[in-house]
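Analysis of the macromolecular model
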There are 2 protein chains.
Amino acid sequence: MKFYDCATAPSPRRVRIFLAEKGIGVPTVQVDLRNGEQFSTQFRAINPDATVPALELDNGTRIVDAIGICVYFEAMHPQPPLMGEGAEEKAVVATWQRLAERNGFYAVMEAFRNSTPGLKNRALPGPHDYAQIPALAERGRLRVGHFHEQMDARLAHSEFVAGARYTIADITTLVTVDFAGRAKLPIPEECSHLRRWHAQVSARPSAKA
Amino acid sequence: MKFYDCATAPSPRRVRIFLAEKGIGVPTVQVDLRNGEQFSTQFRAINPDATVPALELDNGTRIVDAIGICVYFEAMHPQPPLMGEGAEEKAVVATWQRLAERNGFYAVMEAFRNSTPGLKNRALPGPHDYAQIPALAERGRLRVGHFHEQMDARLAHSEFVAGARYTIADITTLVTVDFAGRAKLPIPEECSHLRRWHAQVSARPSAKA
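Since the model is a prediction, treat every value here as computed from it, not as a measurement. (Residues numbered from 1 in each chain as written. Chains lettered and ligands numbered in written order. Predicted model: local features only at pLDDT ≥ 70, side-chain atom pairs only at ≥ 80, totals over all residues. Heavy atoms only, no water.)

**Considerations on the layout of surface pockets**
Approximately 830 Å³ is the volume found for the second largest pocket. Of all the elements in the fold, those that place two or more residues in the lining of the second largest pocket are α3 (66-76) and α4 (86-113) of chain A together with α3 (66-76) and α4 (86-113) of chain B. Tallied by class, the residues present in the lining of the second largest pocket amount to 18 nonpolar, 6 polar and 8 charged. (1 Å grid on protein atoms, 1.4 Å probe; cavity = no way out; pocket = protein on both sides within 12 Å on 5 of 7 lines; lining within 4 Å. Points joined across faces, edges and corners; volume = space filled by probe spheres on them. Helix = DSSP H or I, 4+ residues; strand = E, 2+ residues; numbered from the N terminus. Nonpolar A, V, L, I, M, F, W, Y, C, P; charged D, E, K, R; others polar.)

In structure tokens, the structure reads:
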């Protein structure tokens, strides 16, 4: 088994935290995104979509999506459950994970990729070039503000994002909040519930992953 | 149990097809998106995010995301499996479902919502207004073209999107392809494998849902 990672990128960090919470170690290969290694013939034979993370199983099957990889390890190593137990909890966790991704992670990506000088024509990850759209960077910044408010309201009456225990919804939210911080969109002072939660999940050893 | 639906909208259609494949009937309430019923006080008490689909369980829990709802029914009614069986198939199905959503469904939404006169300031679903960005409509159209090519290449050597059997990855792809057609982005003539697959999955009774 081989895990294709990039230590500085937010998408594979979702998997690294997930593995750390499960206590699973996987042989890891670093892909140098800064120098375009994801576009090399060698890496595109692993993932034609030219993105990390990717997981190669011993039988040759490749799983080329962060959540897809988490689904694999949740089924192989169910303890501790990070995607819920029973129909209702599984559904609630999936919903909050997706909401954090759609309203948060993708919004930071919009803000960051459409404004960073080094990412000209790389407004989206993947094999195709797309020009930066300045209005989209601005929209992304607005959306991240709404995301902070939405999560603050949620965490005012919930210990963790999806309920009473730590799940993959917390992982997506943590990676999103930290990615936003790097993009100069920190948690606003007034979002005290989101700050409480962020301090709490950042203190877990897995957050260093 | 109550399913909040809108018969003309693509997101809840994903759930309707999923339920039809499972042979499950759920009491359904239509939400009139065209007249803004999703923003009513009544509906926002069900889903503050102001989107359909939403599922309300008998204990009052609400699941406010299409895939979250499918996760619920997959756990309650495992047969026929639409999200894979065993760690590897589950992971591959989740990955293709997400790839179709990210590269396809969201791309059509970009093209459609940023150019439709009736959706001025509704460039994204949800409670917040965002202005249309013409350059984003254009980018969405380009992305849909790449999506058609990517799925055509995949279906050249796979009967269904995620492998040898029909899954939720086919549902997302079918809803995306039909949504693109409505947005005047039909499958290109030369994508013969995607056309073969589209005819095949459209002939299933569930496609009428």
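**Let's talk about the pairing of strand β1 (residues 2-5) of chain A**
Consecutive side chains of a regular strand alternate in pointing toward one face of the sheet and then the other. Residues and elements named next belong to chain A. Bridging between β1 and strand β3 (residues 54-56) involves 3 bridges; their strand directions are antiparallel. Bridged to Y4 within β3 is A54. Two elements, β1 and strand β2 (residues 28-30), share 3 bridges in a ladder whose sense is parallel. In the strand pairing of β2, F3 is matched with T28. Considered for its hand, the β-α-β crossover made up of β1, helix α1 (residues 10-22) and β2 is right-handed. (Pairing = 2+ DSSP bridges. Right-handed = clockwise from strand over helix to strand, strands pointing away.)

**Description of the state of the cysteines**
Residues and elements named next belong to chain A. Considering all chains together, one arrives at 0 disulfides over all chains under this definition. C70 carries a free sulfur, and the closest cysteine sulfur to it, the one in C6, is 17 Å from it. Residue classification places C70 among the buried residues on the basis of a relative accessible area of 2%. (Disulfide = S-S within 2.5 Å. Buried < 20%, exposed > 50% of the residue type's maximum accessible area, 1.4 Å probe, protein only.)

**Overview of the nonpolar core**
Side chains that are nonpolar tend, in soluble globular proteins, to be buried together. Counting 112 residues, the largest nonpolar core has L55(A), F73(A), W197(A), L55(B), F73(B) and W197(B) as its most contacted members. Among all residues touching W197(B), those that are not within four sequence positions of it are L155(B), E159(B), F160(B), V161(B), D170(B), T173(B), L174(B) and V177(B). (Core = buried A, V, L, I, M, F, W, Y, C linked by side-chain atoms within 4.5 Å. Contact = heavy atoms within 4.5 Å.)

**Looking at the pattern of salt bridges**
Note on pairing: side chains with opposite charge can pair once their charged atoms come close. In this structure the tally under the stated criterion is 30 salt bridges over all chains. A salt bridge links D65(A) to R102(B), with the nearest nitrogen and oxygen atoms 2.9 Å apart. You can see D65(A) sitting in the loop between β4 (62-63) and α3 and its partner R102(B) sitting in helix α4, one on each of two chains. Its salt-bridge partner being R204(B), residue E21(B) comes within 2.9 Å of it at the nearest N-O pair. One end of the pair, E21(B), is in helix α1 (residues 10-22); the other, R204(B), is in the segment after α7 (192-202), and 183 residues separate them in sequence. (Salt bridge = Lys/Arg side-chain N within 4 Å of Asp/Glu carboxyl O.)

**Focus: the confidence of the model for chain A**
Mean pLDDT over chain A stands at 97; residues scoring 70 or higher make up 100%. On the interface metric, ipTM, the complex scores 0.97, and its pTM is 0.98. (pLDDT = per-residue confidence, 0-100.)

**Some remarks on the interface of chain B and chain A**
The partner chain A presents 41 residues to the 41 residues of chain B that form the contact. When residues of chain B are sorted by the area they lose upon contact with chain A, R98(B), Y130(B) and R139(B) head the list and together hold 18% of the total. Here E101(A) makes a salt bridge to R98(B), at a shortest N to O gap of 2.9 Å. Of all the secondary structure elements, the ones that give two or more residues to the side of chain B that touches chain A are α3, α4 and α5 (134-155) of chain B. For the side of chain B that touches chain A, the element with the highest residue contribution is α4(B), accounting for 14 residues. (Buried area = accessible area lost by both parts, 1.4 Å probe.)

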